[in-house]
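Secondary and tertiary structure notes
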Amino acid sequence: MKEWTLEERYRVLNDAEEIRDLHERIKKSVYRQKFHVQPVTGLSSDPNGFVFHEGKWHLFYQWTPWGAVHGLKYWYHVTSKDLVHWTNEGIGLKPDSFYDNKGVHSGSAISADGQLYFFYTGNHRDENWVRTPYTCAAKLSADGKPQKLPEPLFGPRDDYSEHQRDPKVVYRPENNTYYILIGAQTLDEKGTVLVYRSQNLLEGWVFAGQLNVPGYEAFGGMWECPYIVNISGKDVLIFSPQYTTLPGRASSTNHNVYLIGHMDYDTLTFTPESDYQYLDFGFDFYAAQGAANVNDPDKAILISWIGLPDNHYPTEPEEWEGSMTLPRELRLSGNRLIQTPVEGISTLRKNEIPAEGKLPEYGEMEATFTGTDTDLVLYTKADGSGGFSIHYDSDKKELTVDRTGMDKHFNENVGEVLSVPLPDVLKKLQIFIDRCSVEIFINDGEATFTSHIYPTEAEHNYTITNYNSLKIWQYEASVEDSFVV
């Protein structure tokens, strides 16, 4: 594994030609995705600025151009008309001001009055490497590029730690007020959310206070990427608690969870109606962001990074790493979120292939089950050995995913076996297979499981037991792997 110096990690990209050869090498990788957004070079991490504006979906991702390393971050821009086919648009925001001299970090976007606005964390460091996070803004200009405001909207508060980041803008029509949610950490290292408000997107922001979430005053050491959305009359708080282990999550200290309840913007209190739940049960799912301007009171649209902070993956030697999940539609059913692949993904079905034990290179599997104990093992060798095991225990109503049988192991220190408790018997699995990822939707979205996976040439078979039906489709590619910077 390459050892990166500070100078290499924070090198400024001055010209696209500096990374053209890197892209040419990377695009030959057998693990380049075919229907998931991925970095043009280097590292992609958190999704940013996810928004619908004037007939088009805009998505940005955290991007380090030089390799699979967290360093000087840019926002890279992709667009889509249908949330299925994605086009590379090049750099959206670059670290070129005093306030973001060491990175344009995570944030959000919103469309209002025919204009598109962006909000991000400017990562400033001084000569002693002391960090100051600024909340900054930009506006889409006529040339299709965001233009930054010359000054930040506001700086950090000194009564919290330096961890203040990931602004998410929420509009409340009841009082014609915008709110910015900031992921934060208290001075005694507890995770929280800071709330700012204004009636104007680019000025007048004042600190409203700290979000109060009864029962969660000491839940994790930092809350990243906070997001509040109303679905079918109930509020949902989604966030990523760090620096803590949680039940059923092995040794991982980075998670994505949600609470269903009621948000009182007058008292800044989110009152949960039940305990927290995992947004995704998989090994590699983090920093989920909801799209702005969905304009449907009964659903939200969400996308996430397939990856985790501080983890390492087998494509690092190839100098790239990371993908986005498929966009997901979120709806409420009782006291839980139901997540389904975005409408339109089935248009990628190229042809149905026989269920003869061979996996497509990239595509979809749909299996229904009898409700008894079941085993579906993906990426076995030809003799049925090894593989990515999905076992259902009907007595426990529990699905267990085990990737210890794969040839390529990674992040073993945080666990290779995880389980998913189900509210009902297993009836259906819908599985999306790309070249280095697996996304499992269980019982039409009652639960989901996302994992990176790096099969070798010999690992392209599967076995299945105790099932009713099985369908498999080869997919068409839907993401560009073009060099646009």
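I will try to describe carefully the structure that is included in this document. (Residues numbered from 1 in each chain as written. Predicted model: local features only at pLDDT ≥ 70, side-chain atom pairs only at ≥ 80, totals over all residues. Heavy atoms only, no water.)

**A closer look at the overall build of the protein chain**
A tally of helices and strands in the protein chain yields 2 helices and 34 strands. Taking 485 residues into account, the globule formula puts the C-alpha radius of gyration at 23 Å, and the protein chain, at 22 Å, falls close to it. Principal-axis analysis of the C-alpha atoms gives the protein chain an extent of 65 × 55 × 40 Å. Expressed as a percentage of its 485 residues, the buried residues of the protein chain come to 61%. Across the protein chain, contacts joining residues at least 24 apart in sequence account for 59% of those joining residues at least 6 apart. (Helix = DSSP H or I, 4+ residues; strand = E, 2+ residues; numbered from the N terminus. Rg over C-alpha atoms; globule rule 2.2 N^0.38 Å. Buried < 20%, exposed > 50% of the residue type's maximum accessible area, 1.4 Å probe, protein only. Contact = heavy atoms within 4.5 Å.)

**Regarding the packing of aromatic side chains**
In total, this model carries 31 aromatic pairs according to the counting rule given. Between Tyr216 and Tyr276, the aromatic rings sit 6.5 Å apart at their centres with planes inclined by 85°, giving edge-to-face as the arrangement. Taken together, the positions of Tyr216 in the loop between β12 (206-210) and β13 (222-231) and Tyr276 in the loop between β16 (269-272) and β17 (277-278) put the pair 60 residues apart, joining distant regions of the chain. An identical accessibility class is assigned to Tyr216 and Tyr276; each is buried. Members of the aromatic cluster, connected to one another through ring pairs, are Tyr216, Phe219, Trp223, Phe239, Tyr276, Tyr278 and Phe281. The residue whose ring lies beneath Arg11 is Trp66, and the NZ or CZ to ring-centre distance is 3.9 Å. Arg349 extends its terminal NZ or CZ atom over the ring of Trp473, reaching a point 3.8 Å from the ring centre. (Phe/Tyr/Trp six-rings, centres within 6.5 Å; stacked < 30°, edge-to-face > 60°. Lys NZ or Arg CZ within 6 Å of the ring centre and 35° of its normal.)

**Topic: the sheet that holds strand β8 (residues 146-148)**
Pairing within the open sheet is antiparallel, and its 4 strands lie in the order β5-β6-β7-β8. Of all strands in the sheet, those bounded by a partner on one side alone are β5 (104-112) and β8. Shown here is a sheet whose adjacent strand axes are inclined to one another by a mean of 30°, direction ignored. One ladder, built from 3 bridges, connects strand β7 (residues 131-140) with β8; its direction is antiparallel. Bridging across to β8, Lys139 finds its partner in Gln147. (Pairing = 2+ DSSP bridges. Axes fitted to C-alpha atoms, helices over the stretch in contact; angles between N-to-C directions.)

**Topic: the state of the cysteines**
Here the structure, examined in full by the defined rule, presents 0 disulfides. Of the cysteine sulfurs around Cys225, a residue in no disulfide, the closest is that of Cys136, at 17 Å. (Disulfide = S-S within 2.5 Å.)

**What about the environment of Ile231?**
Mapping Ile231 onto the fold places it in strand β13. Judged by relative accessible area, Ile231 falls into the buried class, the value being 0%. Excluding its chain neighbours within four sequence positions, the residues that come into contact with Ile231 are Val236, Pro297, Asp298, Lys299, Ala300, Leu330, Arg331, Leu332 and Leu337.

**Quick look at the pattern of salt bridges**
Inspection of every chain in the model, using the stated rule, returns 24 salt bridges. When the shortest N-O distance is used, the salt bridge between Arg331 and Glu329 registers 2.9 Å. With relative accessibility at 33%, the residue Arg331 sits in the partly exposed group. Among the ionic pairs, Lys427 bridges to Asp424, the shortest N-O distance being 2.6 Å. The class for Lys427 is partly exposed, based on a relative accessible area of 40%. (Salt bridge = Lys/Arg side-chain N within 4 Å of Asp/Glu carboxyl O.)

**Observations concerning the side chain of Asn256**
Structurally, Asn256 is set in the loop between β14 (234-242) and β15 (257-264). On the basis of relative accessibility, which here comes to 4%, the residue Asn256 falls in the buried class. A polar side-chain atom of Asn256 sits 3.0 Å from a polar atom in the side chain of Ser240. (Polar contact = N/O pair within 3.5 Å; in protein donor to acceptor, adjacent residues only side chain to side chain.)

**Section: the sheet that holds strand β1 (residues 42-53)**
The 5 strands are arranged β4-β3-β2-β1-β20 in an open sheet whose pairing can be described as mixed. Looking at strand neighbours, the two that pair on one side only are β4 (87-93) and β20 (320-321), the edges of this open sheet.

**With respect to the pairing of strand β10 (residues 177-185)**
Counted residue by residue, β10 has 9 buried out of 9 residues, so it is predominantly covered. Across the two faces of β10 the burial is the same, with Thr177, Tyr179, Leu181, Gly183 and Gln185 and Tyr178, Ile180, Ile182 and Ala184 all buried. Two strands pair when backbone bridges link them, and strand β9 (residues 164-172) and β10 are joined in this way by 7 bridges, in the antiparallel orientation. Of the residues in β10, the one forming a bridge with Val169 is Ile180. Relative to strand β11 (residues 191-198), β10 runs antiparallel, the two sharing 8 bridges. In the strand pairing of β11, Tyr179 is matched with Arg197. Between β10 and the antiparallel strand that follows it, β11, lie 5 residues; Glu189 among them carries a positive phi value of about 65°.

**Observations concerning the nonpolar core**
Met365, Leu378, Phe388, Ile390, Leu429 and Ile431 are the most contacted members of the largest nonpolar core, which totals 55 residues. Core analysis: the second largest hydrophobic core is formed by 49 residues, Leu59, Val78, Val342 and Phe410 among them. (Core = buried A, V, L, I, M, F, W, Y, C linked by side-chain atoms within 4.5 Å.)

**Focus: the side chain of Gln164**
Relative to the helices and strands, Gln164 resides in strand β9. For Gln164, a relative accessible area of 6% puts it in the buried group. A polar contact is formed between the side chain of Gln164 and the backbone oxygen of Arg157, at a distance of 2.8 Å. A polar contact of 2.8 Å, which involves the side chain of Gln164, links it to the backbone oxygen of Ser161.

**What about the environment of Pro226?**
Relative to the helices and strands, Pro226 is located in strand β13. Its relative accessible area of 2% is what places Pro226 among the buried residues. Among residues more than four places away in sequence, those in contact with Pro226 are Asp166, Lys168, Leu181, Ile182, Gly183, Val193, Ile238 and Phe239.

**Description of the environment of Glu18**
Note on placement: Glu18 falls in the loop between α1 (6-9) and α2 (20-26). Its relative accessible area of 33% is what places Glu18 among the partly exposed residues. C-alpha of Glu18 to C-alpha of Trp66: the two residues are 48 residues apart in sequence and 9.2 Å apart in space. In this structure Glu18 touches Arg11, Val12, Leu13 and Trp66, once residues within four positions along its chain are discounted. Polar side-chain contacts of Glu18 include one of 2.7 Å to the backbone nitrogen of Asn14.

The values reported here are purely geometric and, on their own, carry no functional implication.
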